Amino acid sequence: PSEGGGGSFPVSTLRDCTWRATPSADWVRITSGDSGTGEGTVVFTVLRNPTIQVRTATIAVGTRVFTVRQAASACSVMFETRAVE
């Protein structure tokens, strides 16, 4: 959602290979599981989207890519109220 939030995904490797999770955008933060050996879980949060554009980022783990797509913020229309005489 545009308000932000979080998610997770599992990581597994053949044998006990080491891995690192790297987000492609600063609005995606790895909160746990940024690296490991063998199996693990990457947990991430997404900051609020202040723009009216849908945005997409990735989290790379080795040669695999997890895609994060976030909704745009809603547009707001404001009216100035005035007394009519």
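Since this is a predicted model, take the numbers as computed values, not measurements.

## Comments concerning the sheet that holds strand β4 (residues 35-37)
Spatially, the four strands line up as an open sheet ordered β4-β2-β6-β7, and their pairing is antiparallel. Either end of the sheet is taken by a strand with one partner, and the two such strands are β4 and β7 (64-70). The mean inter-strand angle of the sheet, taken between neighbouring strand axes irrespective of direction, is 20 degrees. Note that strand β2 (residues 18-23) and β4 share three bridges and pair antiparallel. Pairing of R20 across the sheet is with S35, part of β4.

## Digging into the nonpolar core
By size, the foremost hydrophobic cluster in this structure holds 14 residues, and its most contacted members are F9, W27, F44 and I59. Only β1 (5-11), β2, β5 (40-46) and β6 (55-61) provide two or more residues apiece to this core. Setting aside its immediate chain neighbours within four residues, I59 contacts F9, A21, T22, P23, V28, I30, F44, R64, V65, F66 and V68.

## Considerations on the sheet that holds β1
Strand order across the open sheet formed by three strands is β1-β5-β3, with antiparallel pairing between neighbours. The sheet terminates laterally at β1 and β3 (28-32), the two strands that pair on one side only. For this sheet, the mean inter-axis angle between neighbouring strands, taken without regard to orientation, is 30 degrees. Both β1 and β5 contribute to a ladder of seven bridges, which runs antiparallel. Paired with G7 across the strands is F44, a residue of β5.

## Concerning the environment of F44
Relative to the helices and strands, F44 resides in strand β5. Separated by 23 residues in the primary sequence, F44 and A21 place their C-alpha atoms 10.0 Å from one another. Ignoring sequence-local partners within four residues, the contact set of F44 consists of G5, G6, G7, S8, F9, V28, R29, I30, T31, I59, F66 and V68.

## Looking at the packing of aromatic side chains
In this structure the tally under the stated criterion is three aromatic pairs. On the numbers, 6.4 Å between centres and 50 degrees between planes, the contact of F9 with F44 is tilted. Remark: F44 occurs in strand β5 and F9 occurs in strand β1; sequence separation between them is 35 residues. For F44, a relative accessible area of 7% puts it in the buried group.

Calculation notes
- Residues numbered from 1 in each chain as written.
- Predicted model: local features only at pLDDT ≥ 70, side-chain atom pairs only at ≥ 80, totals over all residues.
- Heavy atoms only, no water.
- Pairing = 2+ DSSP bridges.
- Helix = DSSP H or I, 4+ residues; strand = E, 2+ residues; numbered from the N terminus.
- Axes fitted to C-alpha atoms, helices over the stretch in contact; angles between N-to-C directions.
- Core = buried A, V, L, I, M, F, W, Y, C linked by side-chain atoms within 4.5 Å.
- Buried < 20%, exposed > 50% of the residue type's maximum accessible area, 1.4 Å probe, protein only.
- Contact = heavy atoms within 4.5 Å.
- Phe/Tyr/Trp six-rings, centres within 6.5 Å; stacked < 30°, edge-to-face > 60°.

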